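An overview of the molecular structure
Next come the chains, spelled out residue by residue.
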Amino acid sequence: TDQGGYYSTLVDGYEAVLTPDRLQEMTAAELMAVGSDSAVSSSVGKVIHGNRWYYAAAVEPEELGKLQEGDSVTLRFVSGLEKDVPMTVFRIGEEESNGRCLLVLAADQYLSVTTLLRDQNAQVIFRSYDGIRVPSQAMRLLEVTFTDEETGEERTETVSGVYCRVGLIARFKPVEVIYQGEDYYLVAPSEEAMGWMDLGQSQRSIYTIRAGDEVIVTARDLYDGKVIEE
């Protein structure tokens, strides 16, 4: 070829129909009715120039929330690609008589593994949360009394946390709630609460929740330091 690029064995007739230029004016109705050009064929494949590719979908406007052109989202394919793909909102079309609008996303990554994908179902992830997942019923509240360093007065704070089994001991590990699901929380260690509990540096490692900790979901008369019988 006269220009380098990505080689693909698939030539299905959509090359002349689904073009980047057409995405500038395409409607949701046109996308839903699009068909391949049977006159386009090749026995040797094709070369794709550049590394930008697009995902277009006819969606209901209320599904977009406050999404605007230029926003960043994550695309998760139902099948065909086992990666979450960061993408940019390239275009949002006007609402049409069929109650749909065209959403076009663009990406500059993973082109080499998406060249064989055409008609794909995908989920658009608007935001994501990172934390340690614990069952809702494992979450506990503990009142901690400590001396305020600035005022010298005693204060009482309610600390959220979970009891974890450390050897034969139950330890209360304070957490910060990042996200609440239907029957679970995503949490992270609470440095502020560990300060209220007046934990030394060596103790903090014991009271810091980590992935893989054995969380106590149901038990009676739990307290920090309680010996758990086998």
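Notes on the structure follow. This is a predicted model, so every value here is computed, not measured.

1. Overview of a nonpolar patch on the surface
- Judged by side-chain polarity, Tyr129, Ile178 and Tyr179 come together as a nonpolar surface patch covering roughly 250 Å² of accessible area.
- Within the secondary structure layout, Tyr179 lies in strand 11 (residues 169-180).
- By relative accessible area, which is 30% here, Tyr179 ends up partly exposed.

2. Section: unusual backbone geometry
- The phi torsion at Tyr110 lies on the positive side, around 65°, for a residue other than glycine.
- In this fold, Tyr110 is placed in the loop between strand 6 (101-107) and helix 3 (111-114).
- The residue Asp221 is not glycine, and still its phi comes out positive at about 55°.
- Here Asp221 lies in the segment after strand 13 (214-215).
- With relative accessibility at 65%, the residue Asp221 sits in the exposed group.

3. Points about the sheet that holds strand 7 (residues 122-125)
- Across the sheet, five strands lie side by side as 3-6-5-4-7; this open sheet has antiparallel pairing. The strands lining the two open edges of the sheet, one partner per strand, are strand 3 (53-59) and strand 7. In this sheet, adjacent strand axes meet at a mean angle of 40° when their direction is disregarded.
- Where strand 4 (residues 72-77) and strand 7 come together, four bridges link them in antiparallel fashion. Of the residues in strand 7, the one forming a bridge with Leu75 is Val124.

4. Things to note about the packing of aromatic side chains
- A full pass over the atoms with the stated rule returns seven aromatic pairs.
- Seen in terms of ring centroids, Tyr163 and Phe172 are 5.2 Å apart; in terms of plane orientation they differ by 65°. Their pairing is edge-to-face. For the pair Tyr163 and Phe172, one class covers both residues: buried.
- With centroids separated by 6.4 Å and ring planes inclined at 45°, the aromatic side chains of Tyr179 and Tyr184 adopt a geometry described as tilted.
- Linked through ring pairs, Trp53, Tyr55 and Phe77 together constitute an aromatic cluster.
- Sitting over the face of the ring of Tyr184, Arg133 holds its NZ or CZ atom 3.7 Å from the ring centroid.

Conventions and cut-offs
- Here the residue index of a chain counts from 1 through its sequence in written order.
- Side-chain atom pairs in this predicted model are given and counted only at pLDDT of 80 or more, local residue features only at pLDDT of at least 70, and totals for whole chains, interfaces and linings cover all residues.
- The side-chain values count all of the structure's non-hydrogen atoms but skip hydrogen atoms and water molecules.
- Exposure above 30% relative accessible area and the lack of any salt bridge qualify a residue for a patch; like charges then connect within 9 Å, and the nonpolar side chains Val, Leu, Ile, Met, Phe, Trp and Tyr within 5 Å.
- We get accessible surface area from the Shrake-Rupley algorithm with a probe of 1.4 Å; when it comes to residues, only the shown protein chains can shield them.
- By convention in these notes, a salt bridge is any Lys or Arg side-chain nitrogen within 4 Å of a carboxyl oxygen on Asp or Glu.
- Going along the chain from the N terminus, every DSSP run of H or I of four or more residues is numbered as a helix, and every run of E of two or more is numbered as a strand.
- Exposed residues in this analysis have more than 50% of their type's maximum accessible area, buried residues have under 20%, and partly exposed residues fall in between, with area computed by a 1.4 Å probe over protein chains only.
- The rule for pairing is simple: two strands pair if DSSP sees at least two bridges between them.
- In this analysis an axis means a line fitted to C-alpha atoms, helices contributing only their contacting stretch, and an angle means the value between N-to-C directions, from 0 to 180 degrees.
- Note on aromatic contacts: the rings of Phe and Tyr and the six-membered ring of Trp form a pair at centre separations within 6.5 Å, being stacked when their planes are under 30 degrees apart, edge-to-face when over 60 apart, and tilted otherwise.
- By definition, being over a ring means that NZ of Lys or CZ of Arg is both within 6 Å of the ring centre and within 35 degrees of the ring normal.

All we've got here are geometric facts, nothing functional implied.
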